[in-house]
Amino acid sequence: MTDERIHLEDYDPAWAERFELEAKALRDVLGEHVVGGVHHVGSTAVPGLTAKPIIDIMVGVRNLESSRVCIELVAGLDYLYAPYREDVMHWFCKPDPARRTHHLHLVPAGSRRYTDVLAFRDYLRAHPEAARRYEELKVELAARHSEDRDAYTEGKSAMVAAITDDARRWLSL
């Protein structure tokens, strides 16, 4: 199975509604395994930002070991587990890599990954100039790497790291 091509769309307010529906289903299925909330993250969580129309969801869990049982639980919601960055999260796509509607990240609540993802999202929401620069880079990379998801992601990594650093400083003020 091949990965879906990368394509970006203008911000759609329906993305927030899609997140809310999915968040409810995840809370119902995961129950007590949700300890850090269910969060809309990624570009679709930033109003006005052009994005891949894939809803990114982060669920705070106790730890990676105890949340392994969640892999089977979310399979009933059509999430496909994909071992990716296994040292920091359990990662899933829905319904499959060739046609993605959602990404799910089960991340230990309070971990560096967890706090960084929320800080990045909140910083972009509060700093339109940073969001615009990030959007410009994503558009350029999507045009250049529409068939290469890894190259697209790698091309964003330096800017994501820089914005995350800015977000950490911003939150510590």
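Everything that follows concerns the structure shown earlier in this document.
Predicted model only: the values in this text are computed from it and were never measured.

A. Seen up close, the overall build of the chain. Helix and strand content of the chain: five helices and five strands. Counting helices and strands in the order they occur from the N terminus, the chain gives α-β-β-α-β-β-β-α-α-α. Principal axes of the C-alpha set define a box for the chain whose edges measure 45 × 40 × 30 Å. Within the chain, buried positions represent 46% of all 173 residues. Nonlocal contacts in the chain, meaning residues at least 24 apart in sequence, comprise 64% of its contacts between residues at least 6 apart. Per element, the accessible surface of the chain, about 8900 Å² overall, is 52% carbon and sulfur. Of the side chains in the chain, 23 bear a positive and 29 a negative charge, and the two mean positions are spaced by 3 Å.

B. View of the pattern of salt bridges. All chains considered together, the criterion is met by 12 salt bridges. Between R5 and E147 there is a salt bridge, and its shortest N-O distance comes to 2.3 Å. Highlighted residues: R5 in the segment before helix 1 (14–30) and E147 in the loop between helix 4 (128–144) and helix 5 (149–172), separated in sequence by 142 residues. Accessibility expressed as a relative area gives 48% for R5, which makes it partly exposed.

Criteria and cut-off values
- Residues numbered from 1 in each chain as written.
- Predicted model: local features only at pLDDT ≥ 70, side-chain atom pairs only at ≥ 80, totals over all residues.
- Heavy atoms only, no water.
- Helix = DSSP H or I, 4+ residues; strand = E, 2+ residues; numbered from the N terminus.
- Buried < 20%, exposed > 50% of the residue type's maximum accessible area, 1.4 Å probe, protein only.
- Contact = heavy atoms within 4.5 Å.
- Areas by Shrake-Rupley, 256 points an atom, 1.4 Å probe, with all protein chains shown as cover.
- Lys, Arg positive; Asp, Glu negative; His and termini not counted.
- Charge placed at Lys NZ, Arg CZ, Asp CG, Glu CD.
- Salt bridge = Lys/Arg side-chain N within 4 Å of Asp/Glu carboxyl O.

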